[in-house]
Amino acid sequence: MSISRGTTDDVGFFGVASGATVTNLTIEGSVYGANNVGILAGSFTGAAENCHVKGSARTASDCVGGLIGYFEGTATNCTFNGTVKGSSDCVGGLIGKSGSSDLKSCRANAEVKGTKYVGGLIGYVLATVTSSDKSIDDCFASGTVSGSSNVGGLIGAMDTSAFRKLKTDTSTSSYSYYEYATAPYKYIVSNCGAKTSISASSSVGGLIGQTLGFVYTYNFRIKYDYSDYTYPWDWTFSNEKAVRCMDVTGCFALAQIKATGSDAGGVIGKCNSTNVSDSYFNGSIVGGNSITQYQGIGGICGAITAPATVTITDRDGKQHTRTVNSTDASAISRNYSRATIAGSKYVGGIIGNITSNATVTSNFALNPVLSASVGPVARISPTTTDGFGAIGSLTTN
C-alpha cells in the first residue's frame, strides 16, 4: 500500500475511523499526508487489537504515527516497525497524538524524527475530560528518537491538566451557571520500557520528555443578568487546587541521551506533579557545556517543577487565567539510576534541579560518572539538603 497526499488531512488505510473496532489486521506500506497521518488510520476513535504494521509514515505538518495519527480509545497488542517523520509536532512510533486512551502490550521499533512532542511510541498524550482511570501498561519502544523539545524514548509528553470529571448545573432562580471540576481518576504508566538513542534540546527523557501530571480542580459560577443566559456579568472561583493524578511506576529506560538544552532525565525530563516509583535508568546522558546555559540533568528526573498558572475556558468562551496557590507535590520514590551523566549545571544521580515542593525518598544512585562543568553536582540532587546531598562541586566518580 502506498498513499501520497501531501496536502490532505487524515491519511491512512482508513482515513477516518470513528467508533471503529479493528482486529487481526496486518499492513505493510508507506503514507504521506498533511495532518493526522498513519498507515492504519489518520484519525481513529474506538478499539484496535492485534494490528501489526510495517513501513513508513510522513507528514507535511502535524500528528503522524506509524500506526495511527490521532487516536482515542483502546489499543491492545498493536505493533509498528519502520520510520516515522514529521515536519512539525506530535510524532510517535505507534501513535502521533492520543487523547484519554488505554494502551496494553503495544510495541514500536522505529526511527522517529520530529520537532516537538516526539516519542518512540506516542508523540503526545493530551488527556481529556474522562469518566474512568486510564493506563498505558506493558508497552515498549526501541530505535532512535530525535526532536527539539518534549522528546522521550516512549512518550514525548503527557498532559493531564484536563483529565477531570466535570459536573455542571444551571440555576433558574439565580440566573447562574455552575461548574464543578474534580479529580477522582488517575492516568497510570506502568511496566513500560524504552531502549533508544535520543537527541533533543530541552525536556528530554529516556521514557517521557515532560509530564504535566495534575488536574486543576475548582468550583466555578457564572452569574447572568437575564434568564436566557446571554449576558454574563460576574465570575467566581472557589476551592481551587492542582491535584496530582499521574503515576509512572515499574518502568525502565535503557537510553543514550544527548541534550543540548535544559531538563534531561533518565526516566522523565521535566516532571510536574507526578508520582515516579520503582523505576530505573541505565545508559548515559550528555548535556550541554555552556557556562551561561541553565541545565538540570538527573538519572531519574532532569527537573521537578509545579504549575504557576492555568487557563480555564468557560462555556461562553471566556478564558480565565488562575494563579495556582495549592499543588500536590511530585513524589519520587524507590527508583534506581546507574548511568554516566555529564552536563553543565545542576547534575544529580536521581534529580537535577528541584524548583517546587517534592517528596524524594528511598532512591538509589550508583553512577560511574557524575560531572558538571560549572556545578553543582550530587549523588541524589544538588538541590536537596539531606544526607545524600551535594558530594562535590564539579566531578565525582
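Values in this document were obtained by computation on a predicted structure and should not be read as measured data.

1. Observations concerning the environment of Arg164
On the secondary structure map, Arg164 appears in the loop between β17 (155-159) and β18 (165-171). According to the relative accessible area criterion, Arg164 is buried, its value standing at 15%. Along the chain, Arg164 and Tyr185 lie 21 residues apart, while their C-alpha atoms are 7.2 Å from each other. Ignoring any residue separated from it by four or fewer positions in sequence, one finds Arg164 in contact with Thr128, Val129, Thr130, Ala181, Thr182, Val215 and Tyr218.

2. Description of the state of the cysteines
Per the counting criterion, the structure on display carries 0 disulfides. Cys106 takes part in no disulfide bond, and the closest cysteine sulfur to it belongs to Cys139, at a distance of 4.7 Å. A relative accessible area of 0% means that Cys106 is categorised as buried. Here Cys301 stays unpaired: no disulfide links it, and the sulfur of Cys271, its closest cysteine neighbor, is 4.2 Å away.

3. Some remarks on the sheet that holds strand β24 (residues 214-224)
Across the sheet, 4 strands lie side by side as β18-β19-β24-β25; this open sheet has antiparallel pairing. Unpaired on one side and paired on the other, β18 and β25 (232-244) mark the two borders of the sheet. If you compare each strand with its neighbour and ignore which way they point, the axes differ by 10° on average. When strand β19 (residues 176-182) meets β24, the two strands line up antiparallel, connected through 6 bridges. In the sheet register, Ala181 faces β24, and the bridge partner there is Tyr218.

4. Re the pairing of strand β35 (residues 319-323)
As paired strands, strand β34 (residues 309-313) and β35 are joined by 5 bridges and run antiparallel to one another. Bridged to Thr311 within β35 is Thr321. Hairpin connection between β34 and β35: a loop of 5 residues separates the two successive antiparallel strands, and Gly317 in this loop has a positive phi of roughly 90°.

The rules behind these values
- Residues numbered from 1 in each chain as written.
- Predicted model: local features only at pLDDT ≥ 70, side-chain atom pairs only at ≥ 80, totals over all residues.
- Heavy atoms only, no water.
- Helix = DSSP H or I, 4+ residues; strand = E, 2+ residues; numbered from the N terminus.
- Buried < 20%, exposed > 50% of the residue type's maximum accessible area, 1.4 Å probe, protein only.
- Contact = heavy atoms within 4.5 Å.
- Disulfide = S-S within 2.5 Å.
- Pairing = 2+ DSSP bridges.
- Axes fitted to C-alpha atoms, helices over the stretch in contact; angles between N-to-C directions.

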